[in-house]
Amino acid sequence: MDVKLEPTVEGNRITSLDAMRGFAIIGIYLVNMLSFHSPYVFIEPLEWWGKGIDRIAYMFIDVFAQASFYPLFSMLFGYGLMLMRERAIGRGANFTVFAARRLAFLLAVGMVHAFLIWPGDILITYACVGLLLLFFLRFSGKALLILALAMYTIPNLLLGLLLLLADVAGPIVNLWETYKADAQHALAVYGNGSFREITEMRISEWNFLNSPETIPITLFSILPLFLFGAAVAKLRWLEESVRHLKKFKVAAFGLLLPAMALKTLPYYGWEGYSVEFFQDFFGGPLLALSYAGMIVLGAGKFEAVSGSLAYVGRMSMTNYLFQSILSTFIFYGYGLGLYGKVSAAQGTLLVFAVFFLQIAVSSMWMKKYRYGPVEWMWRSFTYFKLQKLRRRGNA
């Protein structure tokens, strides 16, 4: 018997889940904006933006956004795949086929995004690591939770301690000095180059960011977060949030202080490779969990805010790609050519301006349509069936 799996219907959506996606979108944009307008990969940020309001803007992003929103989005990704699997099993459908199509579409979009739009793409990584996630989804929720915590904590803690020993043992080499020429090259190409020259630079930068040496670090930072999100879905913590209210309070407020202590490590006068590692790899996920807890607790009390974020979250991929397309047009040479000419503070203001626009557009769109444009294509490909796009009364 051929059982077909249909996508999640609107009435079954969890507002706090969509609100988290929407909140993650602005956080990711805050971090990405630094790379959109400046050679962030090749610079020491506190030297590049070392004075006045630019320094404050960068510190704000570094503490409250950097390495805190990709963990949140990663957990949501794992949650979504587990939710899809649970529904497939409930209907007797072949989850593996649907998941393979879903990840294949994600990989294709990621390749276009990385090589033709912006090299900081995360979708390729999600698609590849997502394939590994499929092997673990049969585990129980408790097993997934334990595995996620062990897989993340043990290797990253060991690496962090090795970096700490390296900091203590010898002088700290300023790696940014070796990248000065790369920074100037990026300024010249992205700011004034042709589309072909910029594309070649994009490919080169993507290879730099995704070298073979980064694979183990990527694997042991992304996969455990996927597993954690999958565990939350299987344990039904969000669906039964009232029963698990204490967990969300602990996440929201119990994790906030240690998260902020770790996130502000570079500003205590402690220097070295280990500082940024502990800041990002431990402070980042803790702050992400704190944000998630706050959103769940506040979803019912601040319905206007959570509802606005949820609209953006329901179109998360469309909004993510739009941010890249718009920003690269503004800053790259084949567009307005403002690369390297915008400060950290100006870029931050632009993020909020664009995000408020996305809230307005997403709200209007979702009142007429069931899915965002890219989400509609993604779902249609996943289920090999054109999804109904317009809502009733708008046909």
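A brief look at the structure comes next.

Rules of the game
Residues numbered from 1 in each chain as written. Predicted model: local features only at pLDDT ≥ 70, side-chain atom pairs only at ≥ 80, totals over all residues. Heavy atoms only, no water. Helix = DSSP H or I, 4+ residues; strand = E, 2+ residues; numbered from the N terminus. Rg over C-alpha atoms; globule rule 2.2 N^0.38 Å. Buried < 20%, exposed > 50% of the residue type's maximum accessible area, 1.4 Å probe, protein only. Contact = heavy atoms within 4.5 Å. Lys, Arg positive; Asp, Glu negative; His and termini not counted. Charge placed at Lys NZ, Arg CZ, Asp CG, Glu CD. Phe/Tyr/Trp six-rings, centres within 6.5 Å; stacked < 30°, edge-to-face > 60°. Lys NZ or Arg CZ within 6 Å of the ring centre and 35° of its normal. Axes fitted to C-alpha atoms, helices over the stretch in contact; angles between N-to-C directions. Parallel < 35°, antiparallel > 145°, perpendicular 65-115°, else oblique. Left-handed = near helix turned anticlockwise from the far one by under 90°. Nonpolar A, V, L, I, M, F, W, Y, C, P; charged D, E, K, R; others polar. Core = buried A, V, L, I, M, F, W, Y, C linked by side-chain atoms within 4.5 Å.

Of regular secondary structure, the protein possesses 17 helices and zero strands. At 21 Å, the protein has a C-alpha radius of gyration in line with the 21 Å of a compact globule built from 395 residues. Along the first, second and third principal axes, the C-alpha set of the protein runs to 65 × 45 × 40 Å. By residue count, 51% of the 395 residues in the protein fall in the buried class. Within the protein, contacts between residues separated by at least 24 positions form 79% of all contacts whose residues are at least 6 apart in sequence. With 34 positive and 24 negative side-chain charges, the protein shows a separation of 16 Å between the mean positions of the two kinds.

Mapped onto the secondary structure, S308 falls in helix α14 (residues 303-314). When its relative accessible area of 24% is taken as the criterion, S308 is described as partly exposed.

The subject of this paragraph is the packing of aromatic side chains. The way to describe two aromatic rings as a pair is by their centre distance and the angle between their planes. With the rule as written, the count across this model stands at 31 aromatic pairs. Between F36 and W118, the aromatic rings sit 4.7 Å apart at their centres with planes inclined by 45°, giving tilted as the arrangement. Highlighted residues: F36 in helix α1 (residues 15-37) and W118 in the loop between α5 (95-116) and α6 (123-133), separated in sequence by 82 residues. Relative to Y291, the ring of F69 has its centre 5.3 Å away and its plane inclined at 25°; by these criteria the two rings are stacked. One end of the pair, F69, is in helix α4 (residues 69-91); the other, Y291, is in helix α13 (residues 273-298), and 222 residues separate them in sequence. Each member of the pair, F69 as well as Y291, carries the same accessibility label: buried. In textbook terms, an aromatic cluster arises when at least three aromatic residues are bridged by ring pairs, as seen for Y152, F277, F278, F281 and F282. Across from the ring centre of W378, 4.0 Å away, lies the NZ or CZ of R102, which sits over that ring.

The next subject is the packing of α4 against α5. Running from amino to carboxyl end, α4 crosses α5 at an angle of 150°, the nearest separation of the two axes being 9 Å. Relative to α5, α4 is oriented roughly antiparallel. In the packing of α4 onto α5, the handedness of the crossing is right-handed. Side by side, α4 and α5 meet where F77, L81, M84, R85 and A88 of the first sit next to F95, F98, A99, R102, L103 and L106 of the second. Here the residues of the contact of α4 with α5 are counted per class, giving nine nonpolar, no polar and two charged.

Bringing the nonpolar core into the picture now. Grouped together as the largest cluster of nonpolar side chains are 113 residues, with contacts concentrated most on L81 and L238. The leading source of residues in this core is α1, at 13 residues. In this structure, L81 is in contact with F95, A99, R102, G130, L133, L134 and L137, ignoring residues within four places of it in sequence.

A few words now on unusual backbone geometry. One non-glycine residue, A67, adopts positive backbone phi at about 65°. The class for A67 is buried, based on a relative accessible area of 6%. Even without a glycine there, the phi angle at R236 is positive, about 60°.

The subject of this paragraph is the environment of N319. Summarising the element assignment, N319 is placed in helix α15 (residues 316-331). You can call N319 buried: its relative accessible area is 5%. Taking the C-alpha atoms as reference, N319 lies 15 Å from L350; in sequence the two are 31 residues apart. Here N319 is in contact with I25, V312, Q358 and S362, once residues within four sequence places are set aside.

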